[in-house]
Every structure is written in C-alpha cells, then in structure tokens.
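In case you want the letters, here they are:
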Amino acid sequence: MPVLAQSSGDLLIKSAVLESNVAYLRIGAVGENLSAEIQSAQQALLATNNIAGTVLDLRFAAGDDVNSAKAVENLLARGKMPLAILVNDETTGAAAQLAEDLRADKAGVIFGSSKDLKPDISVSVSAEAEQIYIKNPYGMISTNETIVASETNDFLPYIDHTTEADLVREKVKDGDQEGDFEPSGPAAKQQPFIRDPVLARGVDFIKGLAALRWK
C-alpha cells in the first residue's frame, strides 16, 4: 500500500503513487517555494514509476502567495499530463485561485464540493467524513465483496462512474489527448479500495484517459 511521503520544507506537501500509475500530491497551503517542492516530488515519483497523470488535492488548502500559485499553475500546465484537482468549501485563497486558473488553462478538471469553485464533477461529502478520508483514504474489501475493517463505512456512498466516462470521452473528442494509506485489520484475502469518493473519481478519470490514449 502507498504511504504518503512528506517534503522536508515548511509547507505540508505529501505525495504517493496510487493504483500503480497515478501521482497524488496533497497540498496543505500555497506559499513560498511550493512549485519547487511539487517539482521535487514529481521527479521522485517519476524516477521509479510510469506516471499516467496527477491528482492535485487542494481540499482544506488555503494560502495567500499568488506568485507561488502562478508558478505552480505554469509548472502543472507545462506538464501536459492529465490532472484531477480535488477541492471542497475549505479550498480558499491562493489555493482556490490555483484551481480556477488550472481549469481556465484547460490543464485540469475539478472534482469535489464547493459553492464558490463549482466543480466540473460534483461529489458531495460531509466535512467530517472528508477529514477521515484524507487521513486514511483506503478501506478493505473481502473476497466475497463484503466491506470490512473500516470504522467509517457509514460515510461511503455509492459511486456512479458514468460521469467520469462521459468526461473522458468528451476530452478525447476535443483532442485533449496526514497519516499513511495502510488499512487496518488482517490483510489476508482482502483487497484495498479507495473509499474516499472524491479521490476515487479523480483517480478513475486519470486512469480512464490513460487507457484511451494507449488504445
């Protein structure tokens, strides 16, 4: 299971590889040197993985460094890789501006729940559940498809993936080609799954685009 690695800088930046080929970057705040820390995290992940795209998690992120936000925007837009941007109502300040600017550049698609940002794919999750998911987005499912070893199963909604498939097809038509992730409980005969619905949709979007591009 992937474990989030924290950068050595003052900003809370954590990274991991999900589902074998999706880079995950969680930002605590948009401040000085953020673009350099993101670039360092990307290079570390690319060194040992064949990355298909990136999930940029801006949920609960804020900040007031607009120059840093612009540098991050330029860095990610220049990458030309699929980008899923996760937001919620606590995505504010420079972090909210970063999400808007990346979408305006057609560099990424916004997922989540936010009255101000108006996500492209809306996923409603309570603030309480979202805090739990961010600390541990994985759950376990047994071989008989019974969800086990998760004290937060009541928060897990049914996820309809139709919207992601439609979004992938639309982009192809347009020519656009804290804690760790270890689940609790015994691992034998159980498979991990992403129980965080916003993160799951972002990962599905990246993997869907990657699959279509290789066809």
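Residues numbered from 1 in each chain as written. Predicted model: local features only at pLDDT ≥ 70, side-chain atom pairs only at ≥ 80, totals over all residues. Heavy atoms only, no water.

Topic: the overall build of the protein chain
- Scanning the protein chain from N- to C-terminus turns up 6 helices and 12 strands.
- Looking at the protein chain as a whole, 47% of its 215 residues qualify as buried. (Helix = DSSP H or I, 4+ residues; strand = E, 2+ residues; numbered from the N terminus. Buried < 20%, exposed > 50% of the residue type's maximum accessible area, 1.4 Å probe, protein only.)

So, the pattern of salt bridges
- A complete count under the given rule lists 7 salt bridges for this structure.
- Note that Arg59 and Glu130 form a salt bridge whose closest N and O atoms lie 3.3 Å from each other. Of this pair, Arg59 sits in the loop between strand 5 (53–57) and strand 6 (62–63) while Glu130 sits in helix 4 (residues 127–135), and the two are 71 residues apart along the sequence.
- Residue classification places Glu130 among the buried positions, given a relative accessible area of 5%.
- Shared partners join several salt bridges into a network, and the residues in it are Asp57, Arg59, Glu130 and Asp196. (Salt bridge = Lys/Arg side-chain N within 4 Å of Asp/Glu carboxyl O.)

Focus: the packing of helix 1 (residues 34–48) against helix 2 (residues 66–79)
- Running from amino to carboxyl end, helix 1 crosses helix 2 at an angle of 30°, the nearest separation of the two axes being 8 Å. Comparing their axes, helix 2 and helix 1 come out roughly parallel. Residues Leu34, Ser35, Ile38, Gln39 and Gln42 of helix 1 form the contact with helix 2, whose participating residues are Ser68, Ala71, Val72, Leu75 and Leu76.
- Taken together, the residues of the contact of helix 1 with helix 2 break down into 6 nonpolar, 4 polar and no charged. (Axes fitted to C-alpha atoms, helices over the stretch in contact; angles between N-to-C directions. Parallel < 35°, antiparallel > 145°, perpendicular 65-115°, else oblique. Contact = heavy atoms within 4.5 Å. Nonpolar A, V, L, I, M, F, W, Y, C, P; charged D, E, K, R; others polar.)

Digging into the packing of helix 2 against helix 3 (residues 93–104)
- Where helix 2 meets helix 3, the axes come as close as 9 Å, and the angle between the chain directions of the two elements is 30°. The two elements helix 2 and helix 3 meet at a crossing, and its hand is right-handed. Across from Ala69, Val72, Glu73, Leu76 and Ala77 in helix 2, the residues of helix 3 making contact are Ala94, Leu98, Asp101 and Leu102.
- Along the lines of polarity and charge, the residues of the contact of helix 2 with helix 3 split into 7 nonpolar, no polar and 2 charged. (Left-handed = near helix turned anticlockwise from the far one by under 90°.)

Points about the packing of aromatic side chains
- Counted by the stated rule, this structure contains 1 aromatic pair.
- Aromatic pair Phe111 and Phe205: ring centres 5.6 Å apart, planes at 55°, arrangement tilted. Here the two residues Phe111 and Phe205 agree in accessibility, since each one is buried. (Phe/Tyr/Trp six-rings, centres within 6.5 Å; stacked < 30°, edge-to-face > 60°.)

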